[in-house]
Amino acid sequence: MAAQTMVNTTKRLNALRELMRNKENDVTAYVVPSEDQHSSEYSAECDERRAYISGFTGSAGTAIVTLEGAFLFTDGRYFLQAEKQLDNNWTLMKQGLPDIPTWQEFLHKKLDKHSRIGVDPTLIAATDAESLQTALKPKDSCLVSLSDHNLVDLVWEARPARPANEIFPLDVKYSGEPHPDKITRLQEELKKKNNKAMVINMLDEVAWLFNLRGSDIAFNPVFFAYAVVSQSSSTLFVNPAQMTDEVRKHLGEGVEVKPYSQFFKYLRGLGAELELSKDAVLVGDKTSLAIAEAIGHDNVMIARSPVADMKSIKNPTEVEGFRQSHIRDGAALVRYFAWLEEQLNAGVVMTESEAASQLEKYRSELDLYRGLSFPTISATGPNGAIIHYGPDPVDSAVVKKDQVYLCDSGGQYYDGTTDVTRTWHFGTPTDEEKRAFTRVLQGHIAIDAAIFPNGTSATSHSDSWARRPLWEDGLGEHGTGHGVGHYLNVHEGPHGIGVRIAYNSTALKAGMTVSNEPGYYADGRFGIRIENVVVVREVQTPNNFGEKGFLGFERLTMCPMHKNLIDGSLLSAKERKWVDEYHREVFEKVAPLLKNDDEKILKWLERACSPL
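Residues numbered from 1 in each chain as written. Predicted model: local features only at pLDDT ≥ 70, side-chain atom pairs only at ≥ 80, totals over all residues. Heavy atoms only, no water.

Caption draft 1: The packing of helix H14 (residues 316-345) against helix H19 (residues 599-608), seen in detail. It is the contact of H14 with H19, at a shortest axis distance of 10 Å, that shows an interaxial angle of 95 degrees. With respect to H19, the axis of H14 lies roughly perpendicular. Packed against H14, whose contacting residues are Val-334, Arg-335, Phe-337, Ala-338, Glu-341 and Glu-342, the element H19 presents Lys-600, Ile-601, Trp-604, Leu-605 and Arg-607 at the interface. Looking at the contact of H14 with H19 residue by residue, the class counts come to six nonpolar, no polar and five charged. (Axes fitted to C-alpha atoms, helices over the stretch in contact; angles between N-to-C directions. Helix = DSSP H or I, 4+ residues; strand = E, 2+ residues; numbered from the N terminus. Parallel < 35°, antiparallel > 145°, perpendicular 65-115°, else oblique. Contact = heavy atoms within 4.5 Å. Nonpolar A, V, L, I, M, F, W, Y, C, P; charged D, E, K, R; others polar.)

Below, the structure is given as structure tokens:
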């Protein structure tokens, strides 16, 4: 999250509404989603259209502009941020609260009959468009696909250029599997499903499939590209200026490379071929309406991407990379928290942003470091209750010794991606703060220690393992976990741990990496979250009911948890043992990396990891 300043959007909205009224557009509402043409969670600056038109910079949300009003839909993670950033032109629609419609429901329930709703077809999923068209029919309303131009782009003054940064290969010693083998596996899937080809639109899927990485989107090592893989060929669509001789050599003769700008023209030609053969092209469930229109709706089969499934299960090389990158990352975190404690005890005045910069410095000194995996959440006191808070480099709060401090951060390394949250109190925490922290810790332990049968999806029943201790005190909670990419996006599907509908259809499998991050937020006072990345692994049990086999988690993150916030009277003997064993493991793995550091850092780690 960027600075939480408010932007006057009057001029922007007036210009947009003028375009909406033009005869060539003639729409009564215009939808501005967060996603780019690749359905990316995080966007390049040139694709941050919703942020530009609304002033709200959170990573999730949809804007709907009508001729008379403007509405911003987002979820509970961003309510506080949106309230601070939206000006009086906007109505905040707090999704998830009673009687608040989703943005899709708003279009077919709240707008007048005969509404014409404009969309950029490259930015809306084909599945969303189809369900919306069906819902709009009873009111004689319709979606209008404005394929020639995006209306926000036309009113955006000084819009940034699209990045075209150099692409580079990821060595097989990190990826664990050559890209021709990955393509062959995908082609075998296409043959099984009798699909002529597959269109791959997700940037992390393209990067993973071809063992390539880039830097077109901040914090995400991806590049702008599409791919089409048939049963016998593969084509990569990318800006030629981003290609190097090294990349061409890496791809070899088995991959045809075409300009990014020719992608939709190619699809239209493919569609014409399909009309004759009656074969179907597989597209992922996040594929845009524009792609479906270019190929022809009758020629596509929409399903969950097999590339996403393949990518989610990490091979042994990737898993080992995760282990090693998290140990190195743990050394940076230990240096940081030891330093921060020393600074605060010495009375040094330091802002949240200055603290985050020091953590980034420690990470940047590590082997194989490539950058942060997301903007660091360095939050003191009430700012910790803003779930995706980000300190303003110019004007952020001072970290206070007598307040709860929440730090959610991560790094990108050639051999893995990290995402870790720790909550600290460098003074004397209140009983309420200690009790809340301990309840979150108990939820974290419950997930870490869980054993479950193969085929279990990480939905409401497993998610409740983390929530139960909080519910016992009548407290709310934070979503429990998301998938994590391997030197890719820090948020990776299709799996996770939580109540999202998407998780229902995805069973956890050995090799999947996922975060374990229960939390609690007391609005206006403090926030608590404890996050480790874990990998799903097979476990041996005394019995094997149903011959399914059983799974559990191996924890990867190696960083102490602040014992100053633990209320030991709430912990069971088993939970106390877990805390001591975890800290013993942290010390054994991280201490050797600190042997050349100042002796006081090693002593700090020894104290932080001592038994309860």
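Caption draft 2: Layout of helix H1 (residues 10-21). Taking 1.5 Å per residue as the helical rise, H1 with its twelve residues ought to reach 16 Å, and the 17 Å between its terminal C-alpha atoms agrees with that figure. Buried within H1 we find Leu-13, Leu-16, Arg-17, Leu-19 and Met-20. One face of H1 carries all of its buried residues, which in axial projection span an arc of 155 degrees. In this structure, H1 carries Lys-11, Glu-18 and Arg-21 as exposed residues pointing more than 90 degrees from its buried face. At its buried positions, H1 is contacted by strand S1 (29-33), helix H2 (49-54), strand S2 (62-66), strand S3 (70-74) and helix H6 (151-155). (Expected span 1.5 Å × (residues − 1). Buried < 20%, exposed > 50% of the residue type's maximum accessible area, 1.4 Å probe, protein only. Arc of directions from axis to C-beta.)

Caption draft 3: Molecular detail of the sheet that holds S1. Reading across from one edge, S4-S3-S2-S1-S5-S6 is the order of the six strands in this open sheet, with mixed pairing throughout. The open sheet has two edge strands with one neighbour each: strand S4 (91-94) and strand S6 (142-145). With strand direction ignored, the average angle separating the axes of adjacent strands in the sheet is 25 degrees. Two strands pair when backbone bridges link them, and strand S5 (residues 116-119) and S6 are joined in this way by four bridges, in the parallel orientation. Residue Ile-117 lies in a different strand from S6, and its bridge partner there is Leu-143. (Pairing = 2+ DSSP bridges.)

Caption draft 4: Examining the environment of Ile-64 more closely. Positionally, Ile-64 belongs in strand S2. As for Ile-64 and Val-32, which are separated by 32 residues in sequence, their C-alpha atoms are 6.1 Å apart. Aside from chain neighbours lying at most four places away, what touches Ile-64 is Ala-29, Tyr-30, Val-31, Gly-69, Ala-70, Phe-71, Phe-73, Trp-90, Trp-103, Phe-106 and Leu-107.

Caption draft 5: Summary view of the state of the cysteines. As enumerated under the stated definition, the model contains zero disulfides in all. Cys-559 supplies the cysteine sulfur nearest to Cys-407, a cysteine that is in no disulfide, at a spacing of 8.8 Å. With relative accessibility at 2%, the residue Cys-407 sits in the buried group. (Disulfide = S-S within 2.5 Å.)

Caption draft 6: Broad picture of helix H9 (residues 203-210). Counting buried residues along H9, eight of its eight residues qualify, which places the element largely inside the surrounding structure. Those residues of H9 that sit buried are Leu-203, Asp-204, Glu-205, Val-206, Ala-207, Trp-208, Leu-209 and Phe-210.

Caption draft 7: Layout of the pattern of salt bridges. Going through the model one piece at a time under the given rule, you end up with 35 salt bridges. The salt bridge partner of Arg-607 is Glu-341, with a shortest N-O separation of 3.1 Å. Here Arg-607 is found in helix H19, whereas its partner Glu-341 is found in helix H14, with 266 residues between them in sequence. Owing to a relative accessible area of 13%, Glu-341 belongs among the buried residues under this scheme. Taken together, the shared-partner salt bridges connect Asp-47, Arg-49, Asp-153, Arg-159 and Arg-162 into one network. (Salt bridge = Lys/Arg side-chain N within 4 Å of Asp/Glu carboxyl O.)

Caption draft 8: Summary view of the nonpolar core. Grouped together as the largest cluster of nonpolar side chains are 56 residues, with contacts concentrated most on Tyr-336, Phe-337, Leu-340, Tyr-405 and Leu-605. At eleven residues, the largest contribution of residues to this core is made by H14. Discounting chain neighbours no more than four positions away, the residues touching Phe-337 are Tyr-405, Cys-407, Arg-422, Trp-424, Phe-426, Cys-559 and Trp-604. (Core = buried A, V, L, I, M, F, W, Y, C linked by side-chain atoms within 4.5 Å.)

Caption draft 9: Spotlight on the side chain of Ser-115. Within the secondary structure, Ser-115 sits in the loop between helix H4 (103-109) and S5. On the basis of relative accessible area, Ser-115 is assigned to the buried category, the value being 6%. Contacts of Ser-115, omitting those with residues within four sequence positions, involve Thr-28, Asp-140, Ser-141 and Cys-142.

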